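# Chain and residue survey
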Amino acid sequence: MSTLVFTSAGHAPGVTALTIALALHWPNDVLLVDCNREPDQSVLAGYLQGVDPAGRGLGGVLQSHRERRPIAECLPALTLPLDASGTRDFLPGFAHPGMVALFEQVWPDFASALDGGERVVLVDAGRIRPSGLPSPLVTSSAGVAVVTGSRLVDLAALRLYLPLVVAVAGEDRVGLVVVGPGRPYGTGEIGERFGVPVWGKVAWSPVEAARFAAGEPAPRRLANPYATDVRALAASLVERTVTQRTLVGVPR
């Protein structure tokens, strides 16, 4: 299937909230994976309200790799349900900061296992480090969505780190998702300034985002611009994964 990587350049624009919301609005089977190399277990403690992973997650992937067991075969037993639908699962991230360095040798096999699965994978990669993102994740993906705010401080960080992603992924597989467009810069201005297409926008709604990021109760309102934008972004990304599957065998 296809892997989509989500990351940010800084200033916490809401990558985790967005990936959870996208997974919950995805129209077919999907796996959400926490690959944040600054571990915080925010999905377990937030949206899943403190659920016990019971050894599941990237720690189990690391153990499988050490035991020379195929990661793809082990993945189903290492995931948790994200909701009651039976079509949306979650692979928890690093259980301890010390695991991050140990995982370096695992990234190639892990990325291959994700991309070779039967469903779309959404990867929350956290913030881009000075060394960039894990190259195997980027090179095997259908695309990398760099999530950014529209303030000057957000765009200053984007200017520093976006080239690291483009250099590995290529310009054709990198896009921006703007959270809170018009605060003050619009999506058109941002896309033109950085020479990277804007794949979508998400309304500025801290209360709605907290529902996904921290497990807060859903706000009582009839209109929900945040959810509307997430659905539109999901539909656009589904089209991207379909297009990517038609290009199997074409160098990326």
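Please refer to the structure placed before this passage.
Let us look at the structure shown here. Here the residue numbers are simple positions, counted from 1 along each chain's written sequence. Restriction of local features to residues with pLDDT of at least 70 applies here, the model being predicted, together with a cutoff of 80 or more for giving and counting side-chain atom pairs; totals for whole chains, interfaces and linings are based on all residues. Each side-chain value is worked out from all heavy atoms of the structure, with water and hydrogens disregarded.

## Considerations on the state of the cysteines
- Count a disulfide wherever a pair of cysteine sulfur atoms falls within 2.5 Å. One pass over the full model with this rule turns up zero disulfides.
- You can see Cys35 has no disulfide; the closest cysteine sulfur is in Cys74, sitting 16 Å from it.
- Exposure categories follow from relative accessible area, calculated using a 1.4 Å probe and restricted to protein chains: below 20% of the type maximum is buried, above 50% is exposed, and the middle band is partly exposed. Here Cys35 falls in the buried class, since its relative accessible area comes to 1%.

## Quick notes on the packing of aromatic side chains
- The aromatic pairing rule takes the rings of Phe, Tyr and Trp, using the six-membered ring of Trp, and pairs them if the centres are within 6.5 Å, calling planes under 30 degrees apart stacked, those over 60 edge-to-face and the rest tilted. In this structure the tally under the stated criterion is seven aromatic pairs.
- Note on Phe103 and Trp107: the rings are 4.8 Å apart at their centroids and 75° apart in plane angle, and the pair reads as edge-to-face. Neither residue differs from the other here; Phe103 and Trp107 are each classed as buried.
- Taking 6.1 Å as the distance between ring centres and 20° as the angle between the ring planes, the aromatic pair formed by Phe212 and Tyr226 counts as stacked. Here the residue Phe212 occupies a position in helix 10 (residues 206–213), and Tyr226 occupies one in helix 11 (residues 225–245), the gap between them amounting to 14 residues. Comment: elements are numbered from the N terminus, with helices defined as DSSP H or I runs of at least four residues and strands as E runs of at least two.

## Structural notes on the packing of helix 1 (residues 15–25) against helix 10
- In this analysis, axes come from line fits to C-alpha atoms, helices being fitted only over the stretch in contact, and the angle between any two N-to-C directions falls in the range 0 to 180 degrees. At a minimum axis separation of 8 Å, helix 1 and helix 10 run at an interaxial angle of 75°. Judged by the inter-axis angle, helix 1 sits roughly perpendicular to helix 10. Along the contact surface, helix 1 presents Ala17, Ile20, Ala21, Leu24 and His25, while helix 10 presents Ala209, Phe212 and Ala213.
- Each residue belonging to the contact of helix 1 with helix 10 can be placed in one class, and the counts come to seven nonpolar, one polar and no charged. For classification, angles of less than 35 degrees are called roughly parallel, those exceeding 145 degrees roughly antiparallel, those between 65 and 115 degrees roughly perpendicular, and all remaining angles oblique. By definition, residues are in contact when any of their heavy atoms lie within 4.5 Å. Only Asp, Glu, Lys and Arg are considered charged in this grouping, and only Ala, Val, Leu, Ile, Met, Phe, Trp, Tyr, Cys and Pro are considered nonpolar; every other residue, Gly among them, is considered polar.

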